[in-house]
Amino acid sequence: MGVKDFDPTSPWKKTPILYKKVLDIMNPVFIEKSILDEEYTIPQNFNLRPDLASYELFGTSKYWWVFANRNPDEIQDPINDFTAGKKIRIPSKAAVEKMK
């Protein structure tokens with residue numbers, strides 16, 4: 001069993017799987033900065049809900065982790081730091097789909 005057995009939307013997709021399906025040390029997915037990134041202010045209806053923002057912006061709730069990955073200085077905890085009014089940078093939908 002190897003890395004390819006993960007869902008392509010998973011933040012662990014590049015992390016090797018060891019004996020008995022135990023994950024090795026995380027190999028994070030890197031999202032490159034781009035001039036196509038947009039400034040995004042988290043609206044009240046997505047407060048503490050990166051999954052809902054992911055669904056609206058990328059068409060699936062599975063990219064909830066992208067916001068913290070792309071904004072490590074603003075979002076350390078991907079749920080509790082995803083607060084209304086916070087300004088973050090988000091990658092384009094095309095850049096996120098290219099990660100698959």
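Residues numbered from 1 in each chain as written. Predicted model: local features only at pLDDT ≥ 70, side-chain atom pairs only at ≥ 80, totals over all residues. Heavy atoms only, no water.

**Comments concerning the nonpolar core**
Logical step 1: Judged by nonpolar contacts, the single largest core of 18 residues is most densely connected at Val-66, Phe-67, Phe-82, Ile-88 and Met-99.
Logical step 2: Sorting the residues of this core by element identifies helix H1 (50-58), helix H2 (66-70) and strand S2 (87-90) as the ones contributing at least two each.
Logical step 3: Considering each element in turn, this core owes the most residues, 3 residues, to H2.
Logical step 4: Here Ile-88 is in contact with Glu-38, Glu-39, Tyr-40, Ile-42, Phe-67, Asn-71, Glu-74, Ile-75 and Phe-82, once residues within four sequence places are set aside. (Core = buried A, V, L, I, M, F, W, Y, C linked by side-chain atoms within 4.5 Å. Buried < 20%, exposed > 50% of the residue type's maximum accessible area, 1.4 Å probe, protein only. Helix = DSSP H or I, 4+ residues; strand = E, 2+ residues; numbered from the N terminus. Contact = heavy atoms within 4.5 Å.)

**Description of the packing of aromatic side chains**
Logical step 1: Counted under the stated rule, the structure contains 4 aromatic pairs.
Logical step 2: With 5.9 Å between their ring centres and 25° between their planes, Phe-58 and Phe-67 make a pair best called stacked. Neither Phe-58 nor Phe-67 differs from the other in exposure class; each is buried.
Logical step 3: Geometrically, the ring pair formed by Phe-67 and Phe-82 is tilted, given 5.1 Å between the ring centres and 45° between the ring planes. Of the two residues, Phe-67 is situated in helix H2 and Phe-82 in the loop between H2 and S2; the sequence distance between them amounts to 15 residues.
Logical step 4: Judged by relative accessible area, Phe-82 falls into the buried class, the value being 0%. (Phe/Tyr/Trp six-rings, centres within 6.5 Å; stacked < 30°, edge-to-face > 60°.)

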